[in-house]
Amino acid sequence: MVTAGRTDTGVHALHQVVLFDTEVARPDSAWVRGVNALLPESVGVLWARPVSDEFHARFSAQSRVTLFAA
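Definitions and cut-offs
Residues numbered from 1 in each chain as written. Predicted model: local features only at pLDDT ≥ 70, side-chain atom pairs only at ≥ 80, totals over all residues. Heavy atoms only, no water. Helix = DSSP H or I, 4+ residues; strand = E, 2+ residues; numbered from the N terminus. Buried < 20%, exposed > 50% of the residue type's maximum accessible area, 1.4 Å probe, protein only. Contact = heavy atoms within 4.5 Å. Phe/Tyr/Trp six-rings, centres within 6.5 Å; stacked < 30°, edge-to-face > 60°. Lys NZ or Arg CZ within 6 Å of the ring centre and 35° of its normal. Patch = residues over 30% accessible without salt bridge, like charges linked within 9 Å, V, L, I, M, F, W, Y side chains within 5 Å. Areas by Shrake-Rupley, 256 points an atom, 1.4 Å probe, with all protein chains shown as cover. Salt bridge = Lys/Arg side-chain N within 4 Å of Asp/Glu carboxyl O. Lys, Arg positive; Asp, Glu negative; His and termini not counted. Charge placed at Lys NZ, Arg CZ, Asp CG, Glu CD. pLDDT = per-residue confidence, 0-100.

Q: What is the right way to read the overall build of the protein from this model?
A: On a plain count of helices and strands, the protein comes out with one helix and two strands. Listing the helices and strands of the protein from first to last along the sequence gives β-β-α. Counting over 70 residues, the protein shows a buried share of 9%. Across the protein, every contact between residues at least 6 apart in sequence was considered, and the portion connecting residues at least 24 apart equals 36%.

Q: Whenever I open this one, the environment of Val 35 confuses me. Can you help?
A: Relative to the helices and strands, Val 35 is located in helix H1 (residues 28–38). Residue classification places Val 35 among the partly exposed positions, given a relative accessible area of 31%.

Q: Teacher, can you tell me more about the packing of aromatic side chains here?
A: Given two aromatic rings, their pairing is described by the distance between the two centres and the angle made by the two planes. Scanning all chains against the criterion turns up one aromatic pair. Cation over ring: Arg 26 sits above Trp 31, and NZ or CZ is 4.8 Å from the ring centre.

Q: Sorry, what's going on with a negative patch on the surface here?
A: There is a patch of like negative charges on the surface, built from Asp 21, Glu 23, Asp 53 and Glu 54. One can find Asp 53 in the segment after H1. Looking at Asp 53, the relative accessible area reads 79%, which means it is exposed.

Q: Where do I start with the confidence of the model for the protein in this structure?
A: Fine structural detail should not be taken from predicted coordinates in areas where pLDDT scores are low. On average, residues of the protein score 78 in pLDDT, and 63% of them reach the 70 mark or higher. Per-residue pLDDT, averaged within each element of the protein, yields its smallest value for strand E1 (residues 2–3) (58) and its largest for H1 (95).

Q: Would you take a moment to explain a nonpolar patch on the surface for this structure?
A: Where nonpolar side chains cluster on the molecular surface, the patch consists of Val 35, Leu 39 and Val 43 and spans about 190 Å² of accessible area. If you trace the backbone, Val 43 turns up in the segment after H1. Take Val 43: its relative accessible area is 44%, and that puts it in the partly exposed class.

Q: Looking at this structure, how should I read the environment of Arg 49?
A: Inspection of the secondary structure puts Arg 49 in the segment after H1. Expressed as a C-alpha distance, the spacing of Arg 49 and Asp 28, which sit 21 residues apart in the sequence, is 5.8 Å.

Have a look at this one:
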């Protein structure tokens, strides 16, 4: 599993992208429902989709935005 990047202590990540490899074929909506069933209420998967082998959650990011000043 690879994530888009880290956040500093006390900082919240919005729209964090996570990449994982699997050979299991399921509808995208089944991944969303299945993972959300195992997560705490404070965390949720919004969408899932297949990506190319060249995609990397961290290095393929097009931007990073600071929403709130500390």
